[in-house]
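Letter by letter, the chains look like this.
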Amino acid sequence: MITRIARYAPKLLVRCRQQNLHHRGLYIQMAASKFQDMYVIDLRSDTLTVPTKAMREAMYNAEVGDDVYEEDPTVKALERRAAALFGKEAGLFVPSGTMANLLAIMVHCSRRGTELIAGDKSHIYKYEQGSAAHIAGVQVTTVKNKPDGTFDLDEMQMKIRNEDIHEPVTALICIENTHNLCGGKVLPMEWLDELWKQAALRDIPVHVDGARLLNAATKMRVHPAVLTSGCRSVSLCLSKGLGAPVGSLLLGDTTFVTRARYLRKALGGGMRQVGVLAAAGLVALDTASDRLTQDHANAALIANGVSEFGSKYIHIDPASVHTNIIMVNVERKIKAPELCSRLEQVTDEEAEYLGKEAVIVKALSLDTEHIRLVTYNSITDTDAKMVVKKLQFINQELQRS
Ligand SMILES: *Cc1c(COP(=O)(O)O)cnc(C)c1O
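The rules behind each value
Residues numbered from 1 in each chain as written. Predicted model: local features only at pLDDT ≥ 70, side-chain atom pairs only at ≥ 80, totals over all residues. Heavy atoms only, no water. Near = heavy atom within 4 Å. Polar contact = N/O pair within 3.5 Å; in protein donor to acceptor, adjacent residues only side chain to side chain. Areas by Shrake-Rupley, 256 points an atom, 1.4 Å probe, with all protein chains shown as cover. Helix = DSSP H or I, 4+ residues; strand = E, 2+ residues; numbered from the N terminus. Salt bridge = Lys/Arg side-chain N within 4 Å of Asp/Glu carboxyl O. Buried < 20%, exposed > 50% of the residue type's maximum accessible area, 1.4 Å probe, protein only. pLDDT = per-residue confidence, 0-100. Contact = heavy atoms within 4.5 Å. Pairing = 2+ DSSP bridges. Axes fitted to C-alpha atoms, helices over the stretch in contact; angles between N-to-C directions. Phe/Tyr/Trp six-rings, centres within 6.5 Å; stacked < 30°, edge-to-face > 60°. Expected span 1.5 Å × (residues − 1). Arc of directions from axis to C-beta. Left-handed = near helix turned anticlockwise from the far one by under 90°. Nonpolar A, V, L, I, M, F, W, Y, C, P; charged D, E, K, R; others polar. Patch = residues over 30% accessible without salt bridge, like charges linked within 9 Å, V, L, I, M, F, W, Y side chains within 5 Å.

Participant: Quick one: what's the story with the site of the ligand, residue by residue and with numbers?
Facilitator: All residues in the neighbourhood of the ligand are listed as Ser 96, Gly 97, Thr 98, Asn 101, His 123, Glu 128, Glu 176, Asp 209, Ala 211, Arg 212, Cys 237 and Lys 240. Residue His 123 places a side-chain N or O atom 3.4 Å away from a nitrogen atom belonging to the ligand. Contact between the ligand and Lys 240: an oxygen atom at 2.7 Å from a side-chain N or O atom of the residue. The fraction of the free accessible surface of the ligand (370 Å²) that becomes covered by protein chains is 85%. The biggest single contributor to the shell around the ligand is helix 4 (residues 97–108), with 3 residues.

Participant: For the pattern of salt bridges, give the residues involved together with the corresponding values.
Facilitator: Pairs can form between side chains of opposite charge once their charged atoms are near each other. The final tally for this structure, using the stated rule, is 17 salt bridges. As a salt-bridge pair, Arg 44 and Asp 42 come within 2.6 Å of each other at their nearest N and O atoms. Among the residues examined, Asp 42 registers a relative accessible area of 6% and is labelled buried. Linking Asp 286 and Arg 81 is a salt bridge whose minimum nitrogen-to-oxygen distance equals 2.9 Å. Of this pair, Asp 286 sits in helix 11 (residues 275–309) while Arg 81 is found in helix 3 (residues 73–85), placing the two residues 205 residues apart along the sequence. Via salt bridges that share partners, Arg 342, Glu 350, Lys 390 and Glu 397 belong to a single interconnected network.

Participant: How would you sum up the confidence of the model for the chain? Please name residues and give values.
Facilitator: With 91% of its residues at a pLDDT of at least 70, the chain reaches an overall mean of 92. Confidence drops under a pLDDT of 50 for residues 1–33, and excluding neighbours within four residues, the segment shows 57 contacts in the predicted structure.

Participant: Break down the sheet that holds strand 8 (residues 248–252) for me, citing the residues and quoting the values.
Facilitator: Read from one edge to the other, the open sheet built from 7 strands follows the order 2-8-7-6-5-3-4, with strand pairing classed as mixed. Strands at the two margins of the open sheet, each flanked by one partner only, are strand 2 (90–94) and strand 4 (139–143). On average, each strand axis in the sheet is inclined to that of its neighbour by 20 degrees, with strand direction left out of account.

Participant: Summarise unusual backbone geometry; cite the residues concerned and give the values.
Facilitator: Most peptide bonds take the trans form, and the phi angle of most residues other than glycine is negative. Note that the residue after Asn 177, namely Thr 178, is joined by a cis bond; omega there is 0 degrees. Its location among the elements puts Thr 178 in the loop between strand 5 (169–176) and helix 8 (189–202). With a phi close to 60 degrees, Glu 70 is a non-glycine residue in the positive phi region. Locating Glu 70 in the fold gives a position in the loop between helix 2 (53–61) and helix 3. By relative accessible area, Glu 70 is classed as partly exposed at 38%. Backbone geometry places Arg 332, a non-glycine residue, at a positive phi of 60 degrees. On the basis of relative accessibility, which here comes to 63%, the residue Arg 332 falls in the exposed class.

Participant: How would you explain the packing of aromatic side chains if you had to name every residue and give the values?
Facilitator: In the structure shown here, the tally under the stated rule is 2 aromatic pairs. Relative to Trp 191, the ring of Phe 151 has its centre 5.1 Å away and its plane inclined at 85 degrees; by these criteria the two rings are edge-to-face. Here Phe 151, found in the loop between strand 4 and helix 7 (153–159), pairs with Trp 191, found in helix 8; they are 40 residues apart in sequence, far enough to count as distant. Grouping residues by exposure puts Phe 151 and Trp 191 together as buried. On the basis of an interplanar angle of 40 degrees and a centroid distance of 5.5 Å, the ring pair of Tyr 353 and Phe 393 is categorised as tilted. Remark: Phe 393 occurs in helix 14 (residues 381–400) and Tyr 353 occurs in helix 13 (residues 348–354); sequence separation between them is 40 residues.

Participant: Break down helix 3 for me, citing the residues and quoting the values.
Facilitator: With 13 residues, helix 3 extends 18 Å from end C-alpha to end C-alpha; this agrees with the ideal 18 Å at 1.5 Å per step. All buried positions along helix 3 are accounted for by Thr 74, Val 75, Leu 78, Glu 79, Ala 82 and Ala 83. Seen along its axis, helix 3 keeps its buried residues to an arc of 165 degrees; they face one direction. Looking at helix 3, the residues exposed on the side facing more than 90 degrees away from the buried face are Arg 80 and Ala 84.

Participant: How would you summarise the sheet that holds strand 13 (residues 370–374) if you had to cite specific residues and measurements?
Facilitator: The strand order across the open sheet formed by 4 strands is 9-10-13-12, and the pairing between neighbours is antiparallel. Edge positions in the open sheet fall to strand 9 (314–315) and strand 12 (364–365), since each of these has one partner strand only. For strand 9 and strand 10 (residues 325–330), the ladder comprises 2 bridges, and the chain directions are antiparallel. For His 315, the partnering residue across the bridge sits in strand 10 and is Asn 329.

Participant: Describe in detail the packing of helix 3 against helix 11, supporting the description with residues and values.
Facilitator: Two elements in contact, helix 3 and helix 11, have axes whose closest approach is 8 Å; the angle formed by their N-to-C orientations is 30 degrees. As helix 3 packs across helix 11, the resulting crossing turns out to be left-handed. Judged by residue contacts, Thr 74, Val 75, Ala 77, Leu 78, Arg 81, Ala 82 and Leu 85 of helix 3 engage Gly 275, Ala 278, Ala 279, Gly 281, Leu 282, Leu 285 and Asp 286 from helix 11. For the contact of helix 3 with helix 11, a count of residues per class yields 9 nonpolar, 3 polar and 2 charged.

Participant: Can you explain a nonpolar patch on the surface? Please cite residues and give values.
Facilitator: Together, Tyr 127, Leu 364 and Leu 366 make up an exposed nonpolar region whose accessible area comes to about 240 Å². One can find Leu 364 in strand 12. Of the residues examined, Leu 364 reaches a relative accessible area of 33% and is grouped as partly exposed.

Participant: Let's hear about the environment of Glu 352: which residues, and what values?
Facilitator: In this structure, Glu 352 sits in helix 13. Judged by relative accessible area, Glu 352 falls into the exposed class, the value being 72%. Along the sequence, Glu 352 and Pro 147 sit 205 residues apart, while their C-alpha atoms lie 40 Å from each other.

Participant: Describe in detail helix 14, supporting the description with residues and values.
Facilitator: In this model helix 14 runs 29 Å from its N-terminal to its C-terminal C-alpha over 20 residues, within 8% of the 28 Å that 1.5 Å per residue would give. Of the positions making up helix 14, those classed as buried are Asp 383, Ala 384, Met 386, Val 387, Val 388, Lys 390, Leu 391, Phe 393, Ile 394, Asn 395, Glu 397 and Leu 398. On the buried face of helix 14, the contacting elements are strand 1 (40–42), helix 11, strand 9, helix 12 (336–343), helix 13 and strand 11 (360–362).

As structure tokens, then:
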């Protein structure tokens, strides 16, 4: 992606001054003219995908109707198609993954005084404004997420409540596959099977936050329905690695989806001629497998490249990279937010040394020690190699300082 950097170079300059990036000999010279047409590799999120030409054509040609009256044929086709893909009876097209998860919570926990169990690193717990509480009126109890995205099932069992007059009633268990904050981890099949079994015995439904569930299916080379056999509902984001501009799906049995459709209207999610978006979603499902395979390969390329040059300061464990998300551990001489700022700069020395391969890289720091990098459809293998080179260059800089 070529970005006219001149526009925001002055902003960067200000930020450099504010953050005093002249430290440790990293003198950063920000002559605006030098950064004209600088190549930017933006690895902040797979939500940055823009619709492909095929999607735009499908959007242009989409047959539409009023979806609140359930008269949009393209939306219906997408809902049917996604339901079949995950082995569920019915589907509902919603504006976002956040709304899909909230609707699932509202339907499963419709009784007052209920709670749900979710991992302490789950998107539902951390990144949805606590909407389970402030909109659905449902308490969230957490279990500790393990690094592989699972949690301890004994701990979960201990937290299930249903009899005592003092306690809320556990009405839902939520899991996340792939697990975003655990670094795009694919949940192991044996763990899923054991969870389905235990939840069924306690008669508690399981909701899968499957924002990136097709990444998991692609990685495991299984039919997506294999990963959702024991859950009562599942959400899927079309607007992440799948590349559609907007939209998520919520899938489950007919009764569940009917109720979710009713509540979607209350949340303002009743959209009208939204077949224009569903059309892009259908293309996204058609092309998912090849697309995600490439994203995973590019993530592996970055992980392997960085681990090969072997840094004391910037670590990636290639075995921990299952899909399109890479967690970088940042240690000792530099903190994660500083490394992110450095990635957004190109020093004189770097420009000279790397020539045309001197690029700006954007990434997200999650805390002081971790940076998240995400690959998606506009990131090529050439980009991935340039990211490795840049990190290697910064590592050398850190060694010298
Ligand atoms: C992105 C994401 C969501 C929410 O999706 P939005 O469409 O951004 O609301 C939910 N769960 C996970 C794991 C996600 O990564």
